[in-house]
Amino acid sequence: MTEILPIPSVPRSQTAWLTPSCVASPDKKEQVSQILKTVNLFNHRFSVRSGGHSPNPGFSILQGEGLLIDLRKINHIAVSSDSKIVDLGPGARWGTVYAKLDSYNVGVLGARIPTVGVGGAFLGGGFFHFSGQFGMAVDNLKSVEIVLADGKIVEASVQQNSDLFWAIKGGGPNYGIVVNYKANTVPVKNMWYQVGQYATSEVPAILDAFAKWQKTGASDVKATVALIIGLESTTLGFFYSEPATKPASFDAFNSLTPLAPVFTTNGTVQSLTDLLGGVAAPGALRHDYRAASSKVDAQLYKDVYAFWRQQADAVHNSTGANMTFTLQPVPPNLAREGSRKGGNPMGVPKEAHQWWTTLVDWTRAEDDDAVRAVPIATEQKWVELSKARGLHVPYLFLNDASRDQNPLASYGAANLQRMRTIAKKYDPGEVFQKLQNGGFLLSKA
Ligand SMILES: Cc1cc2nc3c(=O)[nH]c(=O)nc-3n(C[C@H](O)[C@H](O)[C@H](O)COP(=O)(O)OP(=O)(O)OC[C@H]3O[C@@H](n4cnc5c(N)ncnc54)[C@H](O)[C@@H]3O)c2cc1C
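Residues numbered from 1 in each chain as written. Predicted model: local features only at pLDDT ≥ 70, side-chain atom pairs only at ≥ 80, totals over all residues. Heavy atoms only, no water.

1. Concerning the pairing of strand β4 (residues 64-70)
Applied cut-off: Note on classification: 1.4 Å probe, protein chains only; a residue is buried when its accessible area is under 20% of the maximum for its type, exposed when over 50%, partly exposed between these limits. Numbering of helices and strands runs from the N terminus; a helix is a DSSP stretch of H or I covering at least four residues, while a strand is a stretch of E covering at least two. Any two strands are treated as partners once DSSP identifies two or more bridges connecting them.
The element β4 is extensively covered by neighbouring structure, given that 5 of its 7 residues are classed as buried. By the bridge criterion, 4 bridges tie strand β2 (residues 20-25) to β4 in an arrangement that is parallel. Of the residues in β4, the one forming a bridge with cysteine 22 is leucine 67. Where strand β3 (residues 46-49) lies against β4, 4 bridges are found, and the strand directions are parallel. Paired with arginine 49 across the bridge in β4 is aspartate 70.

2. A look at the nonpolar core
The following threshold applies: Only buried residues count toward a nonpolar core, which is a set of Ala, Val, Leu, Ile, Met, Phe, Trp, Tyr and Cys residues joined through side-chain atoms within 4.5 Å. The start and end points of each domain follow an automatic or database-based domain assignment. Contacts are assigned to residue pairs that have any heavy atoms within 4.5 Å of one another.
Core analysis: the largest hydrophobic core is formed by 70 residues, its most contacted members being Leu88, Trp94, Val97, Phe122, Leu164, Tyr175 and Tyr181. If you count residues domain by domain, this core takes at least three from each of domain 2 (77-187 + 413-428) and domain 3 (190-400). Residues contacting tryptophan 94, with those up to four places away along its chain left out, are Leu88, Val108, Leu109, Gly110, Ala111, Ile113, Pro114, Val116, Gly117, Val118, Ala121 and Phe122. In terms of nonpolar packing, the next biggest core, distinct from the first, is built from 44 residues, Leu207, Leu227, Leu300 and Trp356 among them.

3. Details of the site of the ligand
Selection criterion: Nearness here has a simple test: a residue counts as near a molecule or strand if at least one of its heavy atoms is within 4 Å of that partner. Distance and chemistry together define a polar contact, namely a pair of N or O atoms within 3.5 Å, with one atom able to donate a hydrogen and the other to accept it when in protein, and with adjacent residues in sequence counting only for side-chain atoms on both sides. For the accessible areas, the method is Shrake-Rupley and the probe is 1.4 Å, while residue cover comes only from the protein chains on display.
Taken together, 31 residues sit near the ligand, with Val48, Ser50, Ser60, Arg112 and Tyr289 positioned nearest. At 2.6 Å from an oxygen atom of the ligand is found a main-chain nitrogen or oxygen belonging to valine 48. Phenylalanine 59 is positioned with one of its backbone polar atoms (N or O) 3.4 Å from an oxygen atom of the ligand. Starting from 960 Å² of accessible surface for the ligand in isolation, the protein chains cover 95%. Contributions of two or more residues to the shell around the ligand are made by β3, α3 (118-123) and β9 (177-184). In terms of residues, the shell around the ligand owes the most to one element, α3, which gives 4 residues.

4. Points about helix α6 (residues 203-215)
Here is the rule: Helices are assigned an expected span. That span is 1.5 Å times one less than the residue count.
The end-to-end C-alpha distance of α6 is 18 Å, a good match for the 18 Å that 13 residues give at a rise of 1.5 Å each. Of the residues making up α6, those classed as buried are Val203, Ile206, Leu207, Ala209, Phe210, Ala211, Trp213 and Gln214.

5. Overview of the UniProt feature "domain: FAD-binding PCMH-type" (unreviewed entry) in the chain
Worth spelling out the cut-off: UniProt positions are given in the numbering used here, feature names are shortened, and annotations may be inferred rather than shown by experiment.
Here the UniProt feature "domain: FAD-binding PCMH-type" (unreviewed entry) sits at residues 16-188. A distance of 35 Å separates the end C-alpha atoms of residues 16-188, which is 23% helix and 25% strand.

6. A word on the packing of aromatic side chains
Note the threshold: Two rings belonging to Phe, Tyr or Trp (six-membered ring only in the last case) form a pair when the distance between their centres is within 6.5 Å. Interplanar angles under 30 degrees mark stacking, angles over 60 mark edge-to-face geometry, and anything in between is tilted. The criterion for a charge sitting over a ring is simple: Lys NZ or Arg CZ within 6 Å of the ring centre, and within 35 degrees of the ring normal.
Applying the stated criterion across every chain, the model contains 28 aromatic pairs. Relative to tyrosine 181, the ring of phenylalanine 122 has its centre 4.4 Å away and its plane inclined at 25°; by these criteria the two rings are stacked. Linking phenylalanine 122 in helix α3 with tyrosine 181 in strand β9, this pair joins segments that are 59 residues apart in sequence. Here the basic side chain of lysine 246 rests over the ring of phenylalanine 238, its NZ or CZ set 6.0 Å away from the ring centre. Above the plane of the ring of tryptophan 166 lies arginine 418, whose end atom (NZ or CZ) is 3.9 Å from the centre.

7. Concerning the side chain of serine 410
Mapping serine 410 onto the fold places it in the loop between β18 (392-393) and α11 (413-426). For serine 410, a relative accessible area of 16% translates into the label buried. Here proline 407 takes part through its backbone oxygen, which lies 2.7 Å from a polar atom of the side chain of serine 410. Residues within four places of serine 410 in sequence aside, it is in contact with Pro394, Tyr395 and Leu396.

8. A word on empty space enclosed by the protein
For clarity, the cut-off: Buried and open spaces are told apart on a 1 Å grid over the protein atoms alone, a cavity being a set of points where a 1.4 Å probe fits but cannot get out and a pocket being an open set with protein on both sides within 12 Å along at least five of seven lines. Residues with an atom within 4 Å of a point are the lining residues. Grid points are joined across faces, edges and corners, and a volume is the space filled by probe spheres set on the points.
A full pass over the atoms with the stated rule returns 2 cavities of 30 Å³ or more. Of the volumes computed, that of the largest cavity is approximately 90 Å³. In this structure, the largest cavity is lined by 14 residues; those nearest its centre are Gly132, Ala223, Thr224, Pro329 and Pro331. The set of elements that each furnish at least two residues to the lining of the largest cavity consists of α4 (131-134) and β11 (223-229). A total of 3 residues in the lining of the largest cavity trace back to one element, the largest contributor, which is α4. For the lining of the largest cavity, the two domains that each supply at least three residues are domain 2 (77-187 + 413-428) and domain 3 (190-400). Of the volumes computed, that of the second largest cavity is approximately 30 Å³. Around the second largest cavity sit Gln214, Ala218, Pro329, Val330, Pro331 and Ala352, which together line it.

Shown next, in the form of structure tokens:
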């Protein structure tokens, strides 16, 4: 029986707190099917939520007349007897997934922060520490089960509905409600990692080292670097997908001096996820993120960083907002793995580049515009400087994209057209375009 909850559950960011007139919380795919049939019959506005981690207003919740379909109860994590495949319910969260898989001595590609939901992360592609080695999370899917707009429950895989399977892999909430992700596990549980804090004065040297590493050490696909520049200090993480002493792949960073002794261990994916979960900004209620990309170039990184720093410090002083300047390395092997494993619509560039993002945390609604102006201006600076220097990459990673960005259009005209054709085939009445409240929809791309 579908439970009708009296009080809507709350998304992580207060920017997305709205009150729908009705919340349905199904625990079976058949109930999701019934709900979509009802939505269709009565032309009801609706939103779909899995983990509720999107800070984009109206994407996974809605205000007033309409139905929130809250998938939190469809949260199964079922590992096959040979540990090669895991079935994941959209309502599960990645921290729980990695904890369970640890006991089977395998891993799976998903999001890096434990509270992020499975459902939304896959639909935006899913970037993990070892995406350079194995591709995006969606590239490691074997199949999905999806409830279409007319309530029909279908499987999509290489063998069945292969066009739909391709489109789901990063194509956003445009085709139906996914009720099961069947993913191939990867043989990564034990790993080497090192995490350290660095002074703000070291940032230019860190950006030099990062660009140098992207051009040299990043050819070792087992190695990746997390770089999060905050207002007070900078965090650098070096991650290797198997146990090691210090891998030589990170030599480009050897001359940097940390603020305190770095934390080095041979741990597990779960222990790293727990560690990263603990660094999320405590207290702040409102959040946003934003995406931009560029080719590898130390001077570009330093120039955009200097621009961001000035703006971010000023807004921090006037509003208390905290924000980060994060570069995510994308080696050529990421796109190669995507093609090798069947392809996806994302159109990730084949050469080494970076995905910039920023996590923005603040408290007062009256500061929304002033705070969001910083990431917006920084994205414009990336575009302006990278275009002028021949370093522009138009790609926008959907899972980092803010409400006013257009990641689906950045996948390229041919992929966008193919996604539209597939959406029309599986949802001829355009229910997901017309009745769904928000999200990165093809009708708006
Ligand atoms: C602190 C932080 C860290 C992050 N780290 C990562 C990371 O490491 N890697 C990464 O790839 N992303 C990361 N993200 C981005 C995250 O993956 C996206 O915000 C994602 O949309 C969250 O998924 P969710 O299920 O929690 O979201 P929700 O808010 O529930 O949903 C997001 C969107 O997906 C739709 N949707 C959700 N489930 C379904 C479903 N089953 N069927 C159809 N539509 C559905 C919703 O309608 C909505 O449009 C991070 C975000 C934050 C805030």
